[in-house]
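# Observations on chain architecture
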Amino acid sequence: MKKKLPANCPSCNSRLSVKSLICESCETQVSGIYNLPLLGSLNDADQEFIIDFVKSSGSLKLMAKQMNLSYPTVRNRLDEIINRIKEIQNVNNK
Amino acid sequence: MKFYNPHNKIGGYNALYAGLAIIIVSAATGSLLNIHFNGNLQVALLPDRGFLFVLAEHVAPWLVYSFLFFIFGRLLSKSRIRLVDVAGAFALARFPFLLIVLTGVIGGRNEILAKLMLLAVQQSNSATENVLSGGDITFIVLYVAFLLAVFIWFIALLFHGYRISCNLEGTKLIVSFIVGIIVSEGLSQLLIQYIYSH
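Everything numeric in this text was worked out from a predicted model, so none of it was measured.

### A closer look at the pairing of strand β1 (residues 17-22) of chain A
Residue and element names in this part refer to chain A. Both β1 and strand β2 (residues 29-35) contribute to a ladder of five bridges, which runs antiparallel. Bridge pairing in β2 places L21 opposite V30. From the end of β1 to the start of β2, which pair antiparallel, there are six residues, and E27 there has a positive phi angle of about 60 degrees.

Below, the structure written as structure tokens:
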């Protein structure tokens, strides 16, 4: 079963932070308070879009062809993700 | 692909090429069947004035709409708008006009509509010629319903084309669309009148 890394608190919807990390090979644990990576705060669909964007060398035209969508639709999707990233950055900066 | 919103799947140059093909076929067929459009929201029967004239009647409003809504998109949208996306979407939106043109092959259609127009003109003279039969009236009612459905489809295609090519939503989208339709249609009429006079 594929687990999804939560980005927001299920109780109060605030941004979650990372408290501990573990090494699976030697079981070393690292504790502290770390911000979630910005890209990790996005949902799966947005993360997949960004990965596809990078793999397409930033070509929206190529992405549109691969996704079988029109160029404006893919551009609009990118603009939505840009807005979400800006929102996350604003919250992180507060 | 939804019939009222193909713009998610086809846009940009692909939509432009498909739309231009639709415009050319509509103009060619309309020229043969004496059906043309003096504006985006009006259809008329006229003696053949030639393919180029009918083509100009299709191209003029398409260009006016495309440029005006492109300007609206540049002013209102936060995205980078391309003219080819707007023009392509609006060219593709003209597909329903092809269906109207193709109704010209219906036998007796032109005669019934000509009778109706003549009756409307002669009403004040109380002429009794060219009275419409029951069948004529049924045809007219169905044809008007068909025209209405096609124009609504055209408006829906324009709306979604504008929404997606300019990435607009909410009040900005709706208000600018309504204003754009009114202004574009007015400008199109002026341009077509200019074409008529030359």
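### Focus: helix α1 (residues 44-55) of chain A
Taking 1.5 Å of rise per residue, twelve residues should cover 16 Å, and α1 of chain A covers 16 Å from first to last C-alpha, within 8% of that figure. Of the residues flanking the start of α1 of chain A, the one acting as N-cap is N43 of chain A, its side-chain oxygen 3.2 Å from the backbone nitrogen of A45 of chain A.

### Considerations on the packing of aromatic side chains
Evaluated as defined, the whole model comprises 13 aromatic pairs over all chains. With a centroid separation of 5.2 Å and an interplanar angle of 75 degrees, the aromatic rings of F69 of chain B and F90 of chain B are classed as edge-to-face. Here F69 of chain B is found in helix α2 (residues 51-76), whereas its partner F90 of chain B is found in helix α3 (residues 83-92), with 21 residues between them in sequence. Assigned by exposure class, F69 of chain B and F90 of chain B land together as buried. Taken together through their ring pairs, the aromatic side chains of Y65, F69, F72, F90, F159, Y162 and F177 of chain B make up a single cluster. The ring of Y71 of chain A is capped by R82 of chain B, whose NZ or CZ atom sits 3.7 Å from the centre of that ring.

### Re the interface of chain B and chain A
Counting residues at the interface gives 15 residues for chain B and nine residues for chain A. Per-residue buried area on chain B facing chain A is highest for N8, K9 and R82 of chain B; these three make up 43% of the total on that side. Along the contact surface separating chain B from chain A lie one salt bridge. Between chain B and chain A we count eight residue pairs in polar contact (both at pLDDT 80 or more) in total. If you tally residues by element for the side of chain B that touches chain A, the top one is helix α6 (residues 134-166) of chain B, at three residues. Counted by class, the side of chain B that touches chain A contains four nonpolar, seven polar and four charged residues.

### Digging into the environment of L76 of chain B
All names here are of chain B. Looking at the secondary structure, you find L76 in helix α2. The sequence separation of L76 and K172 amounts to 96 residues, and the corresponding C-alpha distance is 7.4 Å. In contact with L76, not counting residues within four places along its chain, are Y162, L168, K172 and S176.

### Focus: the pattern of salt bridges
Opposite charge on two side chains lets them pair, provided their charged atoms get close. A full pass over the atoms with the stated rule returns five salt bridges over all chains. Residue D85 of chain B pairs with R75 of chain A through a salt bridge whose shortest N-O separation is 3.7 Å. Taken together, the positions of D85 of chain B in helix α3 and R75 of chain A in helix α3 (residues 71-93) put the pair across two chains. Judged on exposure class, the residue D85 of chain B and its partner R75 of chain A are both buried. Put simply, D46, R77, E80 and R84 of chain A are held in one network by salt bridges that share partners.

### Things to note about the packing of helix α1 (residues 12-33) of chain B against helix α4 (residues 95-102) of chain B
Residues and elements named next belong to chain B. It is at 9 Å that the axes of α1 and α4 come closest, and there the two elements cross at 20 degrees. Classed by the angle they form, the pair α1 and α4 counts as roughly parallel. Every pair of crossing elements has a handedness; the one defined by α1 and α4 is left-handed. From α1, I22, V25, S26, T29, G30 and L33 reach across to α4, where they touch F95, F97, L98, V101 and L102. Its residues placed into classes, the contact of α1 with α4 shows eight nonpolar, three polar and no charged.

Cut-offs and rules
- Residues numbered from 1 in each chain as written.
- Chains lettered and ligands numbered in written order.
- Predicted model: local features only at pLDDT ≥ 70, side-chain atom pairs only at ≥ 80, totals over all residues.
- Heavy atoms only, no water.
- Pairing = 2+ DSSP bridges.
- Helix = DSSP H or I, 4+ residues; strand = E, 2+ residues; numbered from the N terminus.
- Expected span 1.5 Å × (residues − 1).
- Polar contact = N/O pair within 3.5 Å; in protein donor to acceptor, adjacent residues only side chain to side chain.
- Phe/Tyr/Trp six-rings, centres within 6.5 Å; stacked < 30°, edge-to-face > 60°.
- Buried < 20%, exposed > 50% of the residue type's maximum accessible area, 1.4 Å probe, protein only.
- Lys NZ or Arg CZ within 6 Å of the ring centre and 35° of its normal.
- Contact = heavy atoms within 4.5 Å.
- Buried area = accessible area lost by both parts, 1.4 Å probe.
- Salt bridge = Lys/Arg side-chain N within 4 Å of Asp/Glu carboxyl O.
- Nonpolar A, V, L, I, M, F, W, Y, C, P; charged D, E, K, R; others polar.
- Axes fitted to C-alpha atoms, helices over the stretch in contact; angles between N-to-C directions.
- Parallel < 35°, antiparallel > 145°, perpendicular 65-115°, else oblique.
- Left-handed = near helix turned anticlockwise from the far one by under 90°.

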